[in-house]
Amino acid sequence: MRRILRWLIPAAALPVLVLLAYGFRTDPRAIPSPLLGKPAAAFTLATFEGARVSLEAVRGQIAVVNFWASWCDPACYDEAPALERAWRRYRDAGVAFIGVNIQDKEEPARKFLARFNHTFPNAPDRDGRVMVDYGVYGVPETFFIDRAGRVRAKRVGTVTDEILQQEIERLLAESKP
Amino acid sequence: MRAPAALIAMMAVVALAAVPAACRQVSEDEVHAVAVLLRCVVCQNLSVADSPSETARQMRELVRERLVAGDSREQVLAFFVERYGTWVLLAPPARGFSLLLWVLPFAALALGLVTAVAVARRWARASRVARAPVPEVSDAMRARIRAELERPEAP
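As a starting point, this report considers the structure included with it.

About the thresholds
- Residues numbered from 1 in each chain as written.
- Chains lettered and ligands numbered in written order.
- Predicted model: local features only at pLDDT ≥ 70, side-chain atom pairs only at ≥ 80, totals over all residues.
- Heavy atoms only, no water.
- Helix = DSSP H or I, 4+ residues; strand = E, 2+ residues; numbered from the N terminus.
- Buried < 20%, exposed > 50% of the residue type's maximum accessible area, 1.4 Å probe, protein only.
- Contact = heavy atoms within 4.5 Å.
- Buried area = accessible area lost by both parts, 1.4 Å probe.
- Salt bridge = Lys/Arg side-chain N within 4 Å of Asp/Glu carboxyl O.
- Polar contact = N/O pair within 3.5 Å; in protein donor to acceptor, adjacent residues only side chain to side chain.
- Patch = residues over 30% accessible without salt bridge, like charges linked within 9 Å, V, L, I, M, F, W, Y side chains within 5 Å.
- Areas by Shrake-Rupley, 256 points an atom, 1.4 Å probe, with all protein chains shown as cover.
- Pairing = 2+ DSSP bridges.
- Axes fitted to C-alpha atoms, helices over the stretch in contact; angles between N-to-C directions.
- Lys, Arg positive; Asp, Glu negative; His and termini not counted.
- Charge placed at Lys NZ, Arg CZ, Asp CG, Glu CD.
- Disulfide = S-S within 2.5 Å.

**Notes on the overall build of chain B**
And then number 1: Each helix and strand in chain B was counted, giving six helices and zero strands.
And then number 2: A total of 155 residues make up chain B; the buried ones form 22% of that total.
And then number 3: Looking at chain B alone, contacts between residues at least 24 apart form 47% of all its contacts between residues at least 6 apart.

In structure tokens, the structure reads:
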């Protein structure tokens, strides 16, 4: 009995340690999106300028859909210039950018756009429908959609020039469907 | 022009047929019953029913909308799981890896009980042994023990 106990106690502690090691190594905020590889949800929104913007209209192109809010400081403020730079760099290569403003108020959102002088379409998602369709749980989040309309990558947090370039180039390198 | 008219008529029939199922009355309680099962996605550990955030309000509205459209509670939950993964459910599903979360506490409890009973029985046995009557030592035996102890060690 005593001999069994001597082995049983470390043996019982082992799975607990393994579980703890696993738990502490994984980031509870990094939640994998079940949408990767799946068709991106279609949406049509009215931009702040009153124009229509839809995913359907850019089908066949690579689409970068960025979710942001004006109160998301500094993450959204940090990435805004990079998004505009990437848009200008890749627009002629067949890459569409769509900004979706969520969980926000109209006036500060407009101020945000004026500050960064965004030239790609940005639209408010007033009832949160697009947000939920993309499983967005915070800002900023950026989705990369391939020419076939599938969600291929999701980036949570600030996107940099490097991240945008890497994700876009990867999709551009794929042959056209 | 005839085809579109027929098509419209057909659509009207379909729409009318769908009305009873499509325009269900949904009470606040029904929405609440689903919302308490969903995690508010912008908060860390609040349900969609309990969170005062704008996002939670929008999610409650979506829940209501789907219920009105005739979805069952499971279908509404599936709608959110499709988009957010099982993370969006406040109670992890009792299958796959998450099944461990449901089974382990009970397994640990059972193991603990078995161990406690085993230990308790050992203690009981040990105390019985301790309380066992000390065998009588006769005077003759005492004298012999003393003699043995005093005798010099044999070479």
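**Digging into the interface of chain B and chain A**
And then number 1: Residue-level contacts link 18 residues of chain B with 19 residues of chain A.
And then number 2: Between chain B and chain A, the buried area comes to about 1,700 Å², and carbon and sulfur atoms account for 59% of it.
And then number 3: Ranking the residues of chain B by area buried against chain A places Gln58(B), Arg83(B) and Tyr84(B) at the top, with a combined share of 34%.
And then number 4: Between the two partners, chain B and chain A, sit two salt bridges.
And then number 5: At the junction of chain B and chain A, the tally comes to five residue pairs in polar contact (both at pLDDT 80 or more).
And then number 6: Elements with a contribution of two residues or more to the side of chain B that touches chain A: α3 (54–68) and α4 (73–84) of chain B.

**Some details on the pattern of salt bridges**
Any two side chains of opposite charge can pair if their charged atoms end up close together.
And then number 1: A complete count under the given rule lists 20 salt bridges over all chains for this structure.
And then number 2: A salt bridge links Glu106(A) to Arg110(A); the nearest nitrogen and oxygen atoms lie 2.8 Å apart. Placement of the pair is Glu106(A) and Arg110(A) together in helix α3 (residues 106–116), with a separation of four residues, close to one helical turn.
And then number 3: Looking at Arg110(A), the relative accessible area reads 38%, which means it is partly exposed.
And then number 4: The partner of Arg83(B) in a salt bridge is Glu82(B), and the shortest N-O contact between them spans 3.5 Å.

**Observations regarding a nonpolar patch on the surface**
And then number 1: On the surface, a cluster of nonpolar side chains totalling about 520 Å² of accessible area is made up of Leu19(A), Tyr22(A), Phe97(B), Leu100(B) and Leu104(B).
And then number 2: Taken together, the elements giving at least two residues each to the nonpolar patch come down to α1 (2–25) of chain A together with α5 (99–130) of chain B.
And then number 3: By the element assignment, Leu104(B) lies in helix α5.

**A look at the sheet that holds strand β5 (residues 122–124) of chain A**
Residues and elements named next belong to chain A.
And then number 1: The strand order across the open sheet built from five strands is β5-β4-β3-β6-β7, with neighbouring strands paired in mixed fashion. Both edges of this open sheet fall to β5 and β7 (151–156), since each of them pairs with a single strand only. For this sheet the average axis-to-axis angle between neighbouring strands, irrespective of direction, equals 20°.
And then number 2: Of the pairings in the sheet, the one linking strand β3 (residues 62–68) to strand β6 (residues 141–145) comprises five bridges and is antiparallel in character. The residue of β6 that forms the bridge with Asn-66 is Thr-142.
And then number 3: Across the sheet, helix α2 (residues 75–90) is in contact with β3, β4 (95–101) and β6; its angle to β4 comes to roughly 155°.

**Some remarks on a positive patch on the surface**
Residue and element names in this part refer to chain B.
And then number 1: Residues Arg-121, Arg-125, Arg-128 and Arg-131 make up a contiguous surface patch of positive charge.
And then number 2: Relative to the assigned elements, Arg-121 resides in helix α5.
And then number 3: Arg-121 sits in the exposed class, given a relative accessible area of 58%.

**Digging into the side chain of Glu84(A)**
All names here are of chain A.
And then number 1: Relative to the helices and strands, Glu-84 resides in helix α2.
And then number 2: Accessibility expressed as a relative area gives 7% for Glu-84, which makes it buried.
And then number 3: One polar contact links Glu-84 to Arg-88, side chain to side chain, over a distance of 2.7 Å.
And then number 4: Here the side chain of Glu-84 touches His-118 through a polar contact of 3.5 Å, side chain to side chain.

**Brief notes about the state of the cysteines**
Residue and element names in this part refer to chain A.
And then number 1: Tallied over the full model, the rule gives one disulfide over all chains.
And then number 2: A sulfur-sulfur distance of 2.1 Å marks the disulfide that ties Cys-72 to Cys-76. Taking the sign of the torsion about the S-S bond as the criterion, the disulfide between Cys-72 and Cys-76, at about 95°, is right-handed. Residue Cys-72 shares its accessibility class with Cys-76, and that shared class is buried.

Function cannot be inferred from these measures alone, as they are strictly geometric.
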